[in-house]
Amino acid sequence: MDAKLKVENVYKIFGAQPKRAMTRVRKGQGKDEIFAETGMTVGVNNASFDINEGEIFVIMGLSGSGKSTMVRMLNRLIDPTSGSVKIDGRDIVAMSRRDLIALRRREISMVFQSFALMPHQSVLENTAFGLATAGVGRSEREAAARKALEAVGLGANAESFPDELSGGMKQRVGLARALAVNPSILLMDEAFSALDPLIRTEMQDELLRLQSEQARTVVFITHDLDEAMRVGDRIAIMQAGEVVQVGTPEEIVRHPANDYVRSFFRDVNVSHVFTAGDIARRDQVTIVDRPGMSLRAALSRLDQHDRENAVVHDRHKRYLGTVSADSLKRCIREIGPEAEGRIETAFIEAVPALAADTPLDDLLAPVASAPFPVVIVDGEGDYYGTVSRSVLLHALNRSEEQPGESTPQTEAEHV
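Predicted, not measured: the structure shown is a model, and the values here were computed from it.

Within the open sheet, the four strands sit side by side as β2-β1-β4-β5. Their pairing is antiparallel. For this open sheet the edge positions go to β2 (41–52) and β5 (90–91), each flanked by a neighbour on one side alone. Examined bridge by bridge, strand β4 (residues 82–87) and β5 share two bridges and lie antiparallel to one another. By the bridge assignment for β5, I87 is matched with R90.

Spelled out as structure tokens, the structure:
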């Protein structure tokens with residue numbers, strides 16, 4: 001996947017003599033020590049990461065971690081002390097003021113925590129404000145503003161004024177104003193943190209809906225873990241100005257980089273994070289259905305591996321069904337001593353096949369009721385692995401260890 005934004009070795013020092021502080025930073029001195037000696041603050045310390053085109057990239061951390069400073073350097077509202085920020089390969093740190101303004105008007109929009117709506121202007125005028133300052137003609141900017149308002153569900157409120165709107169509606173206007181310029185990059189700095197919890201969830205849903213309809217590159221700043229986990233494709237964790245870990249929510253929950261990251265994710269409900277594919281095991285005996293594969297041959301393989309059941313798939317890994325020693329023996333008795341019947345006659349209907357993206361919450365009932373491990377398949381219906389009761393319980397009990405760490409997945413034994 002191509003990087004839309006590329007941050008390389010970015011530093012930001014706040015103070016009158018940033019070079020003095022930079023010398024200390026590069027010698028390994030900490031943020032507090034540098035402030036005590038120089039009176040200057042290290043806002044961002046040697047940050048490097050890529051943001052992929054079309055993803056929601058969340059930057060999170062505690063207050064003072066540098067996340068808001070970081071997002072403001074992505075459009076140069078704050079100039080980095082050192083390093084580069086590249087958008088589609090162009091370093092905006094080296095851009096002239098004229099080129100930077102053109103870039104902001106054309107490609108980048110920002111949504112702040114504050115609604116920042118002008119009370120004397122209508123919702124339509126507020127939404128079209130950025131286009132007006134860019135010199136876009138009235139008819140064109142109003143058409144774009146109406147389209148943006150329709151996108152966030154406020155088309156009927158175009159002629160209303162801010163004091164007639166609820167808090168959630170005002171934030172939707174702020175989002176519509178950002179969308180009106182049709183940016184390829186959307187920067188959102190604590191955009192939903194001032195909202196009530198229910199409205200906040202609605203706005204998160206709105207963002208995800210808009211992203212599904214027209215994927216933009218979104219950089220989303222938050223200090224709220226639930227929000228980060230809910231909207232983020234990937235998350236960057238900042239600590240004292242440093243980016244200490246970047247990864248998907250699943251990767252960070254599984255393998256936190258340090259105690260600071262671990263403390264963020266300690267109380268995460270893994271059933272909301274992991275899917276069936278994340279915990280599926282591939283140590284189940286499998287049987288490849290091929291010409292000549294008889295019931296007796298399948299039973300012999302189960303006996304050989306001392307297993308009660310096996311997963312059956314074709315040569316292309318397409319899942320076909322599950323058999324057990326009992327189901328095979330029953331079919332052999334019914335067919336007779338020669339027992340050359342097809343293996344599908346022994347399939348057990350009570351073993352479901354679920355998609356790899358099934359949330360753990362939705363696994364509980366099927367796994368509890370199935371006589372054998374539940375089969376997991378990918379989007380093409382190919383065999384992916386199995387989830388047993390013990391594997392699911394282990395995944396849900398993170399107090400012991402992270403899912404999947406006790407026994408690595410192995411290639412299935414098959415015939």
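Moving on to the pairing of strand β7 (residues 185–189). Burial analysis of β7 places five of its five residues in the buried class, which makes it a mostly covered element. The alternating pattern of β7 places I185, L187 and D189 and L186 and M188 on opposite faces, both of which are buried. Taken together, the five bridges between strand β6 (residues 108–112) and β7 define a ladder with parallel strand orientation. If you follow S109 over to β7, its bridge partner there is L186. Sheet topology places β7 next to strand β8 (residues 217–222); five bridges connect them, and they run parallel. Counted as the bridge partner of M188 is F220 from β8.

Moving on: the side chain of R254. Within the fold, R254 resides in helix α11 (residues 249–254). Salt bridges are absent for the buried R254, whose nearest opposite-charge side chain, D278, sits at 4.6 Å. A distance of 2.4 Å separates a polar atom in the side chain of R254 from the backbone oxygen of D278.

As a further point, take the sheet that holds strand β14 (residues 353–355). Across the sheet, three strands lie side by side as β14-β15-β16; this open sheet has mixed pairing. A single partner strand is all that each edge strand has here, and the edge strands are β14 and β16 (383–387). When the angles between neighbouring strand axes are averaged without regard to direction, this sheet yields 35°. When β14 meets strand β15 (residues 374–377), the two strands line up parallel, connected through three bridges.

Attention now moves to the UniProt feature "domain: ABC transporter" (unreviewed entry) in the protein. UniProt's feature table lists "domain: ABC transporter" (unreviewed entry) at residues 5–265, given in the numbering used throughout. End C-alpha atoms of residues 5–265 are separated by 27 Å, and the span's content is 42% helix alongside 24% strand.

Moving on, we come to the pattern of salt bridges. Pairs can form between side chains of opposite charge once their charged atoms are near each other. Per the stated rule, a full pass over the model turns up 21 salt bridges. Between R76 and D79 there is a salt bridge, and its shortest N-O distance comes to 2.7 Å. Note on R76: relative accessible area 10%, which makes it buried. Of the charged contacts, one joins D283 and R281 as a salt bridge, the two residues approaching to 3.0 Å between their closest N and O atoms. Here the residues in one salt-bridge network are R172, E206, R209 and E213, joined through shared partners.

Further remarks concern unusual backbone geometry. We note that N182 has phi near 55°; this positive angle belongs to a residue other than glycine. Residue placement: N182 occurs in the loop between α8 (167–180) and β7.

Our focus in this paragraph is the domain arrangement of the protein. Domain parsing of the protein yields domain 1 (5–107 + 183–268) and domain 2 (277–393). Distance from the C-alpha centre of domain 1 to the C-alpha centre of domain 2: 46 Å.

Within the secondary structure layout, K12 lies in strand β1 (residues 3–14). Among the polar contacts made by the side chain of K12, one reaches the main-chain carbonyl oxygen of D79 at a distance of 2.9 Å. With sequence-adjacent residues up to four places away left out, K12 is seen in contact with T41, V42, G43, V44, T69, M73, I78, D79, P80 and T81.

Attention now goes to the packing of helix α1 (residues 18–26) against helix α2 (residues 31–38). Helix-helix packing: each pair is described by the crossing angle between the helix axes and the interaxial distance. Viewed as axis vectors pointing N to C, α1 and α2 meet at an angle of 145°, and their least axial separation amounts to 10 Å. In terms of crossing hand, the pair formed by α1 and α2 is right-handed. The residues of α2 that touch α1, namely those facing R20, A21, R24 and V25, are I34, E37 and T38. Taken together, the residues of the contact of α1 with α2 break down into three nonpolar, one polar and three charged.

Turning to empty space enclosed by the protein, a few remarks are in order. For the structure on display, the rule yields one cavity of 30 Å³ or more. Contributing to the lining of the largest cavity are L175, L179, L186, L207, L210, Q211, Q214, R216 and V218. Every element with two or more residues in the lining of the largest cavity is listed here: α8 and α9 (197–213). Here the lining of the largest cavity takes three residues from α9, the largest share from any one element. Each residue belonging to the lining of the largest cavity can be placed in one class, and the counts come to six nonpolar, two polar and one charged.

Here the focus is the packing of helix α14 (residues 295–305) against helix α15 (residues 325–335). Look at α14 against α15: their axes get within 10 Å of each other, and the N-to-C directions meet at 150°. When the axes of α14 and α15 are compared, the pair comes out roughly antiparallel. Taken as a pair, α14 and α15 cross one another with a handedness that is left-handed. Across the interface between the two elements, L295, R296, A298, L299 and L302 of α14 pack against A325, L328, K329, C331, I332 and I335 of α15. Tallied by class, residues from the contact of α14 with α15 come to nine nonpolar, no polar and two charged.

Rules used in this analysis
- Residues numbered from 1 in each chain as written.
- Predicted model: local features only at pLDDT ≥ 70, side-chain atom pairs only at ≥ 80, totals over all residues.
- Heavy atoms only, no water.
- Pairing = 2+ DSSP bridges.
- Helix = DSSP H or I, 4+ residues; strand = E, 2+ residues; numbered from the N terminus.
- Buried < 20%, exposed > 50% of the residue type's maximum accessible area, 1.4 Å probe, protein only.
- Lys, Arg positive; Asp, Glu negative; His and termini not counted.
- Salt bridge = Lys/Arg side-chain N within 4 Å of Asp/Glu carboxyl O.
- Polar contact = N/O pair within 3.5 Å; in protein donor to acceptor, adjacent residues only side chain to side chain.
- Axes fitted to C-alpha atoms, helices over the stretch in contact; angles between N-to-C directions.
- UniProt positions renumbered as here; feature names shortened; annotations may be inferred.
- Domains from an automatic or database assignment.
- Contact = heavy atoms within 4.5 Å.
- Left-handed = near helix turned anticlockwise from the far one by under 90°.
- Nonpolar A, V, L, I, M, F, W, Y, C, P; charged D, E, K, R; others polar.
- 1 Å grid on protein atoms, 1.4 Å probe; cavity = no way out; pocket = protein on both sides within 12 Å on 5 of 7 lines; lining within 4 Å.
- Points joined across faces, edges and corners; volume = space filled by probe spheres on them.
- Parallel < 35°, antiparallel > 145°, perpendicular 65-115°, else oblique.

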